[in-house]
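Residue-level listing of the chains:
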Amino acid sequence: MSKQQKPVGVDAKKMSSELFALTYGSLVAEMLKDYEDPRQVNLQLDKVGFNMGIRLADDFLSKQAGVPKCTDCRQMAETLSKNVIPAYLGVSATVNNWESGDREFSLQIENNPLTEFVEVPQDLTSLHYSQMIAGAIRGGLEAVHIKVTTTAIETPTNTVIKVKFIEVLKDNLPAGED
Amino acid sequence: MSLPFDLLHMEMVRYGKEKEAVARADYPKEVLEGLDKATSSLVYKALASRNAETNLESIGLRTGFLLAERLCRDLPRISTELEIMKFICKEFWISVFGKQVDNLRTNHQGVYVVQDNRFPCLTSFSDGTQYVKDAAIYLCFPCGVVRGALQALGIQALVTPTTDQLPSVKFHIHIKTKLT
């Protein structure tokens, strides 16, 4: 190899997303080895995402001061799709499929970087590969006192995260401290 | 290294530790109780395939293998051992850990020492010697990554980390056999 050879493909930002995607893939593979039931893996991935989401919410709020306060689900969905997902996944998302009086919506993530190198085998249809993203959204929203349920569904072209709003959490004082 | 990766790494460590705790709970206690210290430590070593370090290392191994394959796809063939080590320390290290290594030494007999004075996986610990023990588990994944990359390039090696002052770390690479 000649010394002058320009390192090919060494683009720090791009590689860091590759590192993330490949590491995540290896983690999922390891989990599938540990648990026989893909649904257990979904739960674990959700937990991983949840814990990351709680911290990401702090990071997001500290860096993006211009984001307005959300008062309804539509604003929340817009902030998620236009600010949060581009900031951490590097791709944009679209919001659609509003249901049950603006309480449920879907986030469509196109070119999901996590699935760039992945082909989930036929026999693992019950595995939600991108469940970590769903968990992270749930964790992030819980950190700002919004309780939701989320699921990640993989379609051949993109990833759909279904979000269902449950309630606004209230700070409850511990009993006997009023 | 970007923030989400650090968080993912933290979660992997948590997952590994949790799984180890579960595995420990169903170790055969009645067998272990009667044994003296030396024998029981041997039994624990035999059960080590389920501990957090092994788990993290194997995740790293797979990741490193894939990363190295992707990275040298368009490069000309790297043939000698030294060239491979240089590739690992330069291009590979930059693309994975965002910087070059600070020092590479070898005894020309199959032992290499890679030194990184500011290793990204350790920067969230406070500097100094206080947390060296707690930081150890955060080096298992990078070790696996390095070993996986070497394997992708045709070298079987043993990679062990040592650190006596955070955030600097030395990776000792013992080359076992060269695959041809």
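Below you will find a few notes about this structure. These numbers come from a predicted model, not from an experiment.

**Focus on the environment of S79 of chain B**
Residues and elements named next belong to chain B.
Here is step 1: Mapped onto the fold, S79 is located in the loop between α4 (52-71) and α5 (81-97).
Here is step 2: The exposure class assigned to S79 is partly exposed, which follows from its relative accessible area of 45%.
Here is step 3: It is 17 Å that separates the C-alpha atoms of S79 and R147, two residues lying 68 residues apart in sequence.

**Thoughts on the interface of chain A and chain B**
Here is step 1: Between chain A and chain B, the residue contacts involve 33 residues of the former and 33 residues of the latter.
Here is step 2: Remark: the boundary between chain A and chain B carries three salt bridges.
Here is step 3: With a shortest N-O distance of 3.1 Å, E18 of chain A and R70 of chain B are connected by a salt bridge.
Here is step 4: On inspection of chain A and its partner chain B, the count reaches seven residue pairs in polar contact (both at pLDDT 80 or more).
Here is step 5: Contributing elements (two or more residues each) for the side of chain A that touches chain B: α1 (12-34) and α2 (38-63) of chain A.
Here is step 6: When grouped by side-chain class, the residues that make up the side of chain A that touches chain B number 19 nonpolar, seven polar and seven charged.

**Digging into the packing of aromatic side chains**
Here is step 1: For the structure shown, the criterion picks out nine aromatic pairs over all chains.
Here is step 2: Here Y24 of chain A and Y129 of chain A contribute two aromatic rings whose centre-to-centre distance is 5.4 Å and whose plane-to-plane angle is 80 degrees, an arrangement assigned as edge-to-face. Of the two residues, Y24 of chain A sits in helix α1 while Y129 of chain A sits in the loop between β2 (104-110) and α4 (131-143), which places them 105 residues apart along the sequence. Assigned by exposure class, Y24 of chain A and Y129 of chain A land together as buried.
Here is step 3: Both rings, one in F125 of chain B and one in Y138 of chain B, keep their centres 5.4 Å apart while their planes meet at 75 degrees; by these two values the pair is edge-to-face. A residue pair is termed long-range when its members are at least 10 positions apart, and F125 of chain B in the loop between β2 (111-116) and α6 (132-135) and Y138 of chain B in the loop between α6 and α7 (140-152) qualify at 13 residues.
Here is step 4: Here F125 of chain B falls in the buried class, since its relative accessible area comes to 16%.
Here is step 5: Put simply, the rings of W93, F97, F119 and F171 of chain B pair up and form one aromatic cluster.
Here is step 6: One residue, R74 of chain A, lies across the ring of W98 of chain A, its end atom 4.3 Å from the ring centre.

The rules behind these values
Within any chain, residue numbers begin from 1 and follow the written order of that chain's sequence. Here the convention is simple: chains get letters from A, ligands get numbers from 1, in the order in which they are written. Local features in this predicted model are restricted to residues whose pLDDT is 70 or higher, and side-chain atom pairs enter the listing and the counts only when it is 80 or higher, whereas totals over whole chains, interfaces and linings include all residues. Side-chain metrics in this entry use all non-hydrogen atoms of the structure; hydrogen atoms and water are not considered. A run of H or I in DSSP counts as a helix once it spans at least four residues, and a run of E counts as a strand once it spans at least two, with each numbered from the N terminus. The rule is simple: take the accessible area with a 1.4 Å probe, protein chains only, and divide by the maximum for that residue type; under 20% is buried, over 50% is exposed, in between is partly exposed. The contact rule is simple, with two residues in contact once any of their heavy atoms fall within 4.5 Å. Here, a salt bridge means any Lys or Arg side-chain nitrogen found within 4 Å of an Asp or Glu carboxyl oxygen. Under the rule applied, a polar contact is a pair of N or O atoms within 3.5 Å (in protein, one hydrogen donor and one hydrogen acceptor; residues adjacent in sequence only if both atoms are side-chain atoms). Lys, Arg, Asp and Glu make up the charged group, whereas Ala, Val, Leu, Ile, Met, Phe, Trp, Tyr, Cys and Pro make up the nonpolar group; the residues left over, Gly among them, are polar. Note on aromatic pairs: the rings of Phe, Tyr and Trp (six-membered ring only in Trp) are paired at centre separations within 6.5 Å, and the planes decide the class, stacked below 30 degrees, edge-to-face beyond 60, tilted for the rest. Criterion for a charge above a ring: Arg CZ or Lys NZ at most 6 Å from the ring centre, at most 35 degrees from the ring normal.

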